[in-house]
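An overview of the molecular structure
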2 protein chains.
Amino acid sequence: MSFSPLLKQLIEAFRVLPGVGPKSAQRMAFYLLERDREGGKALAQVLGQALKQVGHCETCRTLCEKPICLICADLQRDHSVLCVVGGPAHVAAIEQTGGYFGLYFVLSGHLSPIDGIGPQEIGVDTFTRRLSLGTVKEVVLATNSTVEGEATAYYLADLVKSHGIKVTRIAHGVPMGGELDYIDGGTLAKALIDRTLV
Amino acid sequence: MSFSPLLKQLIEAFRVLPGVGPKSAQRMAFYLLERDREGGKALAQVLGQALKQVGHCETCRTLCEKPICLICADLQRDHSVLCVVGGPAHVAAIEQTGGYFGLYFVLSGHLSPIDGIGPQEIGVDTFTRRLSLGTVKEVVLATNSTVEGEATAYYLADLVKSHGIKVTRIAHGVPMGGELDYIDGGTLAKALIDRTLV
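Residues numbered from 1 in each chain as written. Chains lettered and ligands numbered in written order. Predicted model: local features only at pLDDT ≥ 70, side-chain atom pairs only at ≥ 80, totals over all residues. Heavy atoms only, no water.

Re the pairing of strand β4 (residues 102-106) of chain B
- Of all the five residues making up β4(B), five are buried; the element is thus mostly covered by neighbouring parts of the structure.
- Following the backbone out of strand β3 (residues 78-85) of chain B, through helix α4 (residues 88-97) of chain B and into the adjacent parallel β4(B), one traces a crossover that is right-handed. (Buried < 20%, exposed > 50% of the residue type's maximum accessible area, 1.4 Å probe, protein only. Helix = DSSP H or I, 4+ residues; strand = E, 2+ residues; numbered from the N terminus. Right-handed = clockwise from strand over helix to strand, strands pointing away.)

Details of helix α6 (residues 124-132) of chain A
All names here are of chain A.
- Among all positions in α6, only Val124, Thr126, Phe127, Arg130 and Leu131 are buried. One side of α6 holds all its buried residues, which, seen down the axis, span an arc of 155°. Set apart from the buried face of α6 by more than 90 degrees, the exposed residues are Arg129 and Ser132.
- Buried residues belonging to α6 abut β3 (78-85), β4 (102-106), α5 (119-122), β5 (138-141) and α7 (147-162).
- Positive phi appears at Gly134, one or two residues downstream of α6, with a value of about 85°. (Arc of directions from axis to C-beta. Contact = heavy atoms within 4.5 Å.)

Thoughts on the pattern of salt bridges
All names here are of chain B.
- The tally for this structure, following the rule as stated, stands at 10 salt bridges over all chains.
- A salt bridge links Arg77 to Glu95; its shortest N-O distance comes to 2.8 Å. In this pair, Arg77 sits in the loop between β2 (63-64) and β3 while Glu95 sits in helix α4, placing the two residues 18 residues apart along the sequence.
- In this structure Arg77 comes out as buried when scored by relative accessible area, which is 14%.
- Two residues, Lys166 and Glu138, come together in a salt bridge whose shortest N-O distance is 3.7 Å. Highlighted residues: Lys166 in strand β6 (residues 166-169) and Glu138 in strand β5 (residues 138-141), separated in sequence by 28 residues. (Salt bridge = Lys/Arg side-chain N within 4 Å of Asp/Glu carboxyl O.)

Interpretation note: all reported values are geometric properties and have no functional meaning in isolation.
Below, the structure is given as C-alpha coordinates:
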(Lines give C-alpha, C1' and ligand atoms only; values in the text may rest on other atoms or scores of the structure.)
Protein backbone atom coordinates (compact mmCIF):
# COMPACT_ATOMS: atom_id res chain seq x y z
CA MET A 1 0.00 0.00 0.00
CA SER A 2 1.06 3.53 -0.64
CA PHE A 3 0.13 5.12 2.71
CA SER A 4 2.76 6.49 5.07
CA PRO A 5 3.29 4.46 8.30
CA LEU A 6 1.42 6.93 10.54
CA LEU A 7 -1.51 7.09 8.13
CA LYS A 8 -1.69 3.29 8.08
CA GLN A 9 -1.70 3.26 11.89
CA LEU A 10 -4.52 5.82 12.00
CA ILE A 11 -6.66 3.85 9.52
CA GLU A 12 -6.05 0.68 11.57
CA ALA A 13 -6.97 2.53 14.79
CA PHE A 14 -10.37 3.61 13.39
CA ARG A 15 -11.24 -0.03 12.77
CA VAL A 16 -11.81 -0.64 16.49
CA LEU A 17 -15.08 1.30 16.15
CA PRO A 18 -18.20 -0.84 15.73
CA GLY A 19 -19.46 -1.05 12.14
CA VAL A 20 -16.27 0.48 10.66
CA GLY A 21 -14.52 -1.61 7.97
CA PRO A 22 -11.33 -0.80 6.00
CA LYS A 23 -13.05 1.58 3.53
CA SER A 24 -14.89 3.60 6.20
CA ALA A 25 -11.75 3.77 8.35
CA GLN A 26 -9.79 5.16 5.40
CA ARG A 27 -12.55 7.67 4.67
CA MET A 28 -12.60 8.84 8.31
CA ALA A 29 -8.82 9.27 8.47
CA PHE A 30 -8.67 11.25 5.21
CA TYR A 31 -11.72 13.34 6.10
CA LEU A 32 -10.29 14.49 9.44
CA LEU A 33 -6.81 15.17 8.00
CA GLU A 34 -8.03 16.99 4.90
CA ARG A 35 -11.27 18.67 5.92
CA ASP A 36 -11.72 18.89 9.68
CA ARG A 37 -8.52 18.98 11.74
CA GLU A 38 -10.24 20.99 14.50
CA GLY A 39 -13.01 18.40 14.87
CA GLY A 40 -10.40 15.64 14.87
CA LYS A 41 -8.38 17.35 17.61
CA ALA A 42 -11.52 17.73 19.73
CA LEU A 43 -12.36 14.05 19.21
CA ALA A 44 -8.86 12.87 20.22
CA GLN A 45 -8.90 15.10 23.30
CA VAL A 46 -12.44 14.27 24.52
CA LEU A 47 -11.96 10.55 23.85
CA GLY A 48 -8.75 10.48 25.88
CA GLN A 49 -10.39 12.40 28.71
CA ALA A 50 -13.53 10.23 28.73
CA LEU A 51 -11.51 7.00 28.82
CA LYS A 52 -9.62 8.32 31.86
CA GLN A 53 -12.59 9.77 33.76
CA VAL A 54 -15.77 7.90 32.84
CA GLY A 55 -16.48 4.90 35.04
CA HIS A 56 -19.63 3.24 36.34
CA CYS A 57 -22.16 4.76 38.77
CA GLU A 58 -21.73 2.96 42.11
CA THR A 59 -25.43 2.34 42.57
CA CYS A 60 -26.84 1.74 39.07
CA ARG A 61 -23.68 0.88 37.03
CA THR A 62 -24.47 3.30 34.17
CA LEU A 63 -21.54 5.12 32.51
CA CYS A 64 -20.77 8.30 34.43
CA GLU A 65 -17.73 10.40 35.41
CA LYS A 66 -18.97 10.95 39.00
CA PRO A 67 -19.29 8.25 41.70
CA ILE A 68 -23.10 8.56 41.63
CA CYS A 69 -25.02 9.46 38.42
CA LEU A 70 -27.54 12.30 38.11
CA ILE A 71 -30.55 9.95 38.10
CA CYS A 72 -29.50 8.05 41.24
CA ALA A 73 -28.74 11.34 43.00
CA ASP A 74 -32.16 12.81 42.13
CA LEU A 75 -34.31 12.79 45.31
CA GLN A 76 -37.42 13.77 43.31
CA ARG A 77 -37.47 10.31 41.71
CA ASP A 78 -39.14 7.22 43.16
CA HIS A 79 -36.32 5.26 44.80
CA SER A 80 -38.58 2.25 45.47
CA VAL A 81 -38.91 1.27 41.79
CA LEU A 82 -35.91 -0.15 39.92
CA CYS A 83 -35.92 -0.68 36.14
CA VAL A 84 -33.33 -3.20 34.91
CA VAL A 85 -31.91 -2.55 31.40
CA GLY A 86 -29.16 -4.08 29.25
CA GLY A 87 -27.01 -0.95 28.75
CA PRO A 88 -26.70 2.83 29.16
CA ALA A 89 -28.34 3.44 25.75
CA HIS A 90 -31.51 1.80 27.05
CA VAL A 91 -31.64 4.24 29.98
CA ALA A 92 -31.62 7.06 27.41
CA ALA A 93 -34.41 5.37 25.40
CA ILE A 94 -36.65 5.02 28.48
CA GLU A 95 -35.86 8.54 29.73
CA GLN A 96 -36.91 9.92 26.34
CA THR A 97 -40.42 8.51 26.81
CA GLY A 98 -40.81 10.88 29.79
CA GLY A 99 -43.08 8.30 31.43
CA TYR A 100 -40.81 6.66 34.01
CA PHE A 101 -39.83 8.24 37.31
CA GLY A 102 -38.11 5.42 39.20
CA LEU A 103 -34.42 4.49 39.22
CA TYR A 104 -32.42 2.17 36.94
CA PHE A 105 -30.05 -0.72 37.22
CA VAL A 106 -27.80 -1.04 34.16
CA LEU A 107 -26.46 -4.49 33.24
CA SER A 108 -23.42 -4.86 30.95
CA GLY A 109 -25.43 -6.60 28.24
CA HIS A 110 -27.44 -9.78 28.58
CA LEU A 111 -26.67 -13.34 29.70
CA SER A 112 -25.16 -15.41 26.91
CA PRO A 113 -23.62 -18.69 28.14
CA ILE A 114 -22.22 -19.67 24.71
CA ASP A 115 -20.19 -16.41 24.64
CA GLY A 116 -19.04 -17.03 28.23
CA ILE A 117 -21.18 -14.18 29.56
CA GLY A 118 -22.64 -15.28 32.89
CA PRO A 119 -24.32 -13.41 35.79
CA GLN A 120 -21.02 -12.05 37.11
CA GLU A 121 -19.95 -10.57 33.75
CA ILE A 122 -23.13 -8.48 33.45
CA GLY A 123 -23.10 -7.23 37.08
CA VAL A 124 -25.68 -9.41 38.84
CA ASP A 125 -23.63 -9.39 42.09
CA THR A 126 -24.02 -5.59 42.40
CA PHE A 127 -27.72 -6.03 41.63
CA THR A 128 -28.13 -8.60 44.43
CA ARG A 129 -26.42 -6.22 46.89
CA ARG A 130 -28.80 -3.48 45.80
CA LEU A 131 -31.83 -5.70 46.48
CA SER A 132 -30.49 -6.60 49.94
CA LEU A 133 -30.61 -2.93 51.00
CA GLY A 134 -34.39 -3.25 51.32
CA THR A 135 -35.29 0.10 49.65
CA VAL A 136 -36.62 -1.44 46.43
CA LYS A 137 -40.31 -2.44 46.39
CA GLU A 138 -40.69 -3.24 42.67
CA VAL A 139 -38.27 -4.34 39.95
CA VAL A 140 -39.31 -3.67 36.32
CA LEU A 141 -37.45 -5.98 33.92
CA ALA A 142 -36.79 -4.01 30.70
CA THR A 143 -34.12 -6.21 29.10
CA ASN A 144 -34.27 -6.79 25.32
CA SER A 145 -36.94 -9.06 23.86
CA THR A 146 -34.26 -11.20 22.18
CA VAL A 147 -33.50 -14.75 23.31
CA GLU A 148 -30.65 -13.47 25.52
CA GLY A 149 -32.78 -10.64 26.94
CA GLU A 150 -35.67 -12.99 27.77
CA ALA A 151 -33.31 -15.50 29.41
CA THR A 152 -31.80 -12.67 31.48
CA ALA A 153 -35.27 -11.48 32.52
CA TYR A 154 -36.24 -15.04 33.49
CA TYR A 155 -33.09 -15.46 35.57
CA LEU A 156 -33.48 -12.08 37.31
CA ALA A 157 -37.20 -12.67 38.01
CA ASP A 158 -36.30 -15.73 40.11
CA LEU A 159 -33.59 -13.78 41.92
CA VAL A 160 -35.87 -10.84 42.73
CA LYS A 161 -38.70 -13.13 43.91
CA SER A 162 -36.26 -14.90 46.27
CA HIS A 163 -35.85 -11.52 47.99
CA GLY A 164 -39.63 -11.25 48.38
CA ILE A 165 -39.78 -8.20 46.05
CA LYS A 166 -42.50 -7.59 43.41
CA VAL A 167 -41.19 -8.12 39.87
CA THR A 168 -42.78 -7.01 36.56
CA ARG A 169 -41.81 -7.28 32.86
CA ILE A 170 -42.44 -4.59 30.22
CA ALA A 171 -45.38 -5.53 27.94
CA HIS A 172 -44.96 -7.35 24.64
CA GLY A 173 -47.48 -6.72 21.85
CA VAL A 174 -48.31 -4.85 18.67
CA PRO A 175 -46.16 -1.64 18.32
CA MET A 176 -48.19 1.61 18.34
CA GLY A 177 -49.12 2.48 14.75
CA GLY A 178 -48.31 -1.09 13.64
CA GLU A 179 -50.49 -2.92 11.11
CA LEU A 180 -51.54 -6.48 11.95
CA ASP A 181 -50.53 -7.63 8.43
CA TYR A 182 -46.88 -7.06 9.24
CA ILE A 183 -46.69 -8.38 12.82
CA ASP A 184 -45.07 -11.78 13.31
CA GLY A 185 -47.23 -14.62 14.69
CA GLY A 186 -45.37 -14.91 18.00
CA THR A 187 -45.92 -11.25 18.86
CA LEU A 188 -49.58 -11.39 17.82
CA ALA A 189 -50.20 -14.52 19.92
CA LYS A 190 -48.59 -12.79 22.93
CA ALA A 191 -50.68 -9.66 22.30
CA LEU A 192 -53.86 -11.78 22.39
CA ILE A 193 -52.88 -13.58 25.61
CA ASP A 194 -51.94 -10.30 27.34
CA ARG A 195 -55.05 -8.40 26.13
CA THR A 196 -56.20 -5.70 28.57
CA LEU A 197 -59.71 -4.71 29.66
CA VAL A 198 -60.95 -1.46 28.02
CA MET B 1 -31.16 13.45 28.16
CA SER B 2 -29.78 11.23 30.85
CA PHE B 3 -26.11 11.15 29.84
CA SER B 4 -23.40 12.72 31.96
CA PRO B 5 -21.80 15.92 30.52
CA LEU B 6 -18.57 14.20 29.44
CA LEU B 7 -20.47 11.35 27.78
CA LYS B 8 -22.60 13.91 25.88
CA GLN B 9 -19.41 15.67 24.74
CA LEU B 10 -17.91 12.39 23.54
CA ILE B 11 -21.03 11.44 21.56
CA GLU B 12 -21.05 14.93 20.02
CA ALA B 13 -17.33 14.63 19.14
CA PHE B 14 -17.88 11.37 17.21
CA ARG B 15 -20.39 13.14 14.98
CA VAL B 16 -17.61 14.98 13.13
CA LEU B 17 -16.81 11.68 11.39
CA PRO B 18 -18.31 11.28 7.90
CA GLY B 19 -21.43 9.08 7.83
CA VAL B 20 -21.84 9.08 11.62
CA GLY B 21 -25.25 10.22 12.92
CA PRO B 22 -26.49 10.51 16.52
CA LYS B 23 -27.24 6.78 16.93
CA SER B 24 -23.89 5.58 15.54
CA ALA B 25 -22.02 8.17 17.61
CA GLN B 26 -23.76 6.91 20.77
CA ARG B 27 -22.96 3.30 19.84
CA MET B 28 -19.27 4.14 19.25
CA ALA B 29 -18.94 5.98 22.57
CA PHE B 30 -20.59 3.18 24.56
CA TYR B 31 -18.68 0.49 22.73
CA LEU B 32 -15.27 1.99 23.48
CA LEU B 33 -16.12 2.76 27.12
CA GLU B 34 -17.70 -0.60 27.86
CA ARG B 35 -15.89 -3.09 25.63
CA ASP B 36 -12.62 -1.74 24.24
CA ARG B 37 -10.89 0.90 26.35
CA GLU B 38 -7.47 -0.16 25.06
CA GLY B 39 -8.55 0.31 21.43
CA GLY B 40 -10.08 3.66 22.34
CA LYS B 41 -6.86 4.84 24.00
CA ALA B 42 -4.85 3.82 20.94
CA LEU B 43 -7.29 5.69 18.67
CA ALA B 44 -7.13 8.90 20.76
CA GLN B 45 -3.34 8.75 20.86
CA VAL B 46 -2.73 7.95 17.15
CA LEU B 47 -5.33 10.49 16.04
CA GLY B 48 -3.69 13.24 18.09
CA GLN B 49 -0.26 12.32 16.77
CA ALA B 50 -1.40 12.12 13.14
CA LEU B 51 -3.11 15.51 13.31
CA LYS B 52 0.13 17.03 14.61
CA GLN B 53 2.55 15.28 12.24
CA VAL B 54 0.78 14.42 8.98
CA GLY B 55 0.99 17.15 6.36
CA HIS B 56 1.19 17.19 2.58
CA CYS B 57 4.07 15.87 0.45
CA GLU B 58 5.87 18.91 -0.99
CA THR B 59 5.93 17.56 -4.53
CA CYS B 60 2.69 15.57 -4.95
CA ARG B 61 0.50 16.94 -2.09
CA THR B 62 -0.56 13.50 -0.80
CA LEU B 63 -0.97 13.06 2.97
CA CYS B 64 2.37 12.15 4.52
CA GLU B 65 4.33 12.78 7.74
CA LYS B 66 7.62 13.40 5.90
CA PRO B 67 8.43 16.37 3.60
CA ILE B 68 8.55 14.03 0.56
CA CYS B 69 6.39 10.88 0.31
CA LEU B 70 7.71 7.38 -0.41
CA ILE B 71 6.44 7.38 -4.00
CA CYS B 72 8.00 10.74 -4.93
CA ALA B 73 11.29 9.65 -3.29
CA ASP B 74 11.41 6.37 -5.25
CA LEU B 75 14.04 6.71 -7.98
CA GLN B 76 12.94 3.37 -9.56
CA ARG B 77 9.71 5.05 -10.73
CA ASP B 78 9.22 6.96 -13.98
CA HIS B 79 9.49 10.63 -12.98
CA SER B 80 8.40 11.80 -16.45
CA VAL B 81 4.79 10.60 -16.09
CA LEU B 82 2.42 12.35 -13.67
CA CYS B 83 -1.01 10.96 -12.80
CA VAL B 84 -3.46 13.55 -11.42
CA VAL B 85 -6.03 12.24 -8.91
CA GLY B 86 -8.71 13.79 -6.66
CA GLY B 87 -7.40 12.57 -3.29
CA PRO B 88 -4.96 10.29 -1.41
CA ALA B 89 -7.47 7.38 -1.49
CA HIS B 90 -7.26 7.40 -5.29
CA VAL B 91 -3.47 6.99 -5.15
CA ALA B 92 -4.06 3.85 -3.07
CA ALA B 93 -6.64 2.58 -5.60
CA ILE B 94 -4.26 3.03 -8.54
CA GLU B 95 -1.27 1.58 -6.64
CA GLN B 96 -3.34 -1.54 -5.89
CA THR B 97 -3.69 -2.23 -9.63
CA GLY B 98 0.10 -2.70 -9.75
CA GLY B 99 0.07 -1.38 -13.31
CA TYR B 100 1.29 2.20 -12.92
CA PHE B 101 4.92 3.15 -12.35
CA GLY B 102 4.93 6.94 -12.75
CA LEU B 103 4.40 9.61 -10.09
CA TYR B 104 1.22 11.26 -8.81
CA PHE B 105 -0.19 14.69 -8.22
CA VAL B 106 -2.92 14.72 -5.57
CA LEU B 107 -5.60 17.41 -5.75
CA SER B 108 -7.73 18.25 -2.70
CA GLY B 109 -10.96 17.10 -4.35
CA HIS B 110 -12.42 18.39 -7.60
CA LEU B 111 -13.44 21.82 -8.90
CA SER B 112 -16.93 22.78 -7.76
CA PRO B 113 -17.72 26.48 -8.33
CA ILE B 114 -21.14 26.31 -6.57
CA ASP B 115 -19.42 25.14 -3.37
CA GLY B 116 -16.79 27.87 -3.75
CA ILE B 117 -14.07 25.34 -4.65
CA GLY B 118 -11.90 26.87 -7.37
CA PRO B 119 -8.45 26.01 -8.78
CA GLN B 120 -6.61 27.48 -5.76
CA GLU B 121 -8.58 25.45 -3.21
CA ILE B 122 -7.65 22.12 -4.83
CA GLY B 123 -3.95 22.97 -5.32
CA VAL B 124 -3.66 23.89 -9.01
CA ASP B 125 -0.96 26.52 -8.23
CA THR B 126 1.39 23.79 -6.92
CA PHE B 127 0.54 21.72 -10.00
CA THR B 128 1.46 24.60 -12.33
CA ARG B 129 4.82 25.01 -10.54
CA ARG B 130 5.42 21.28 -10.96
CA LEU B 131 4.77 21.51 -14.73
CA SER B 132 7.17 24.47 -15.04
CA LEU B 133 10.09 22.32 -13.76
CA GLY B 134 10.20 20.63 -17.17
CA THR B 135 10.68 17.05 -15.92
CA VAL B 136 7.16 15.90 -16.79
CA LYS B 137 6.60 14.56 -20.33
CA GLU B 138 3.04 13.19 -19.90
CA VAL B 139 0.15 14.01 -17.58
CA VAL B 140 -2.51 11.28 -17.06
CA LEU B 141 -5.79 12.78 -15.84
CA ALA B 142 -7.41 10.26 -13.44
CA THR B 143 -9.96 12.51 -11.74
CA ASN B 144 -13.43 11.07 -11.00
CA SER B 145 -15.89 10.52 -13.85
CA THR B 146 -18.48 12.69 -12.09
CA VAL B 147 -19.53 16.11 -13.39
CA GLU B 148 -16.97 17.80 -11.07
CA GLY B 149 -14.23 15.33 -12.00
CA GLU B 150 -14.82 15.78 -15.73
CA ALA B 151 -14.85 19.58 -15.38
CA THR B 152 -11.57 19.40 -13.45
CA ALA B 153 -10.02 17.15 -16.13
CA TYR B 154 -11.18 19.56 -18.86
CA TYR B 155 -9.68 22.56 -17.01
CA LEU B 156 -6.38 20.79 -16.32
CA ALA B 157 -6.09 19.49 -19.91
CA ASP B 158 -6.05 23.09 -21.17
CA LEU B 159 -3.47 24.05 -18.55
CA VAL B 160 -1.16 21.12 -19.38
CA LYS B 161 -1.44 21.74 -23.13
CA SER B 162 -0.45 25.39 -22.60
CA HIS B 163 2.86 24.07 -21.19
CA GLY B 164 3.35 22.00 -24.36
CA ILE B 165 3.10 18.71 -22.41
CA LYS B 166 1.27 15.58 -23.63
CA VAL B 167 -1.98 15.00 -21.74
CA THR B 168 -4.12 11.82 -21.57
CA ARG B 169 -7.36 10.82 -19.81
CA ILE B 170 -8.07 7.36 -18.32
CA ALA B 171 -10.48 5.35 -20.53
CA HIS B 172 -14.25 5.31 -20.05
CA GLY B 173 -16.19 2.19 -21.01
CA VAL B 174 -17.77 -1.06 -19.90
CA PRO B 175 -16.31 -2.29 -16.54
CA MET B 176 -14.49 -5.65 -16.76
CA GLY B 177 -17.02 -8.44 -16.06
CA GLY B 178 -19.91 -6.02 -16.68
CA GLU B 179 -23.03 -7.15 -18.57
CA LEU B 180 -24.28 -4.85 -21.34
CA ASP B 181 -27.86 -5.12 -19.95
CA TYR B 182 -26.87 -3.12 -16.89
CA ILE B 183 -24.63 -0.47 -18.43
CA ASP B 184 -26.10 3.04 -18.77
CA GLY B 185 -26.52 4.45 -22.28
CA GLY B 186 -23.93 7.21 -21.86
CA THR B 187 -21.18 4.77 -20.90
CA LEU B 188 -22.12 2.37 -23.71
CA ALA B 189 -22.08 5.18 -26.30
CA LYS B 190 -18.63 6.27 -25.08
CA ALA B 191 -17.41 2.64 -25.18
CA LEU B 192 -18.49 2.41 -28.86
CA ILE B 193 -16.81 5.69 -29.83
CA ASP B 194 -13.57 4.76 -28.05
CA ARG B 195 -13.49 1.18 -29.40
CA THR B 196 -9.98 -0.22 -29.87
CA LEU B 197 -8.50 -2.38 -32.65
CA VAL B 198 -8.07 -6.05 -31.69
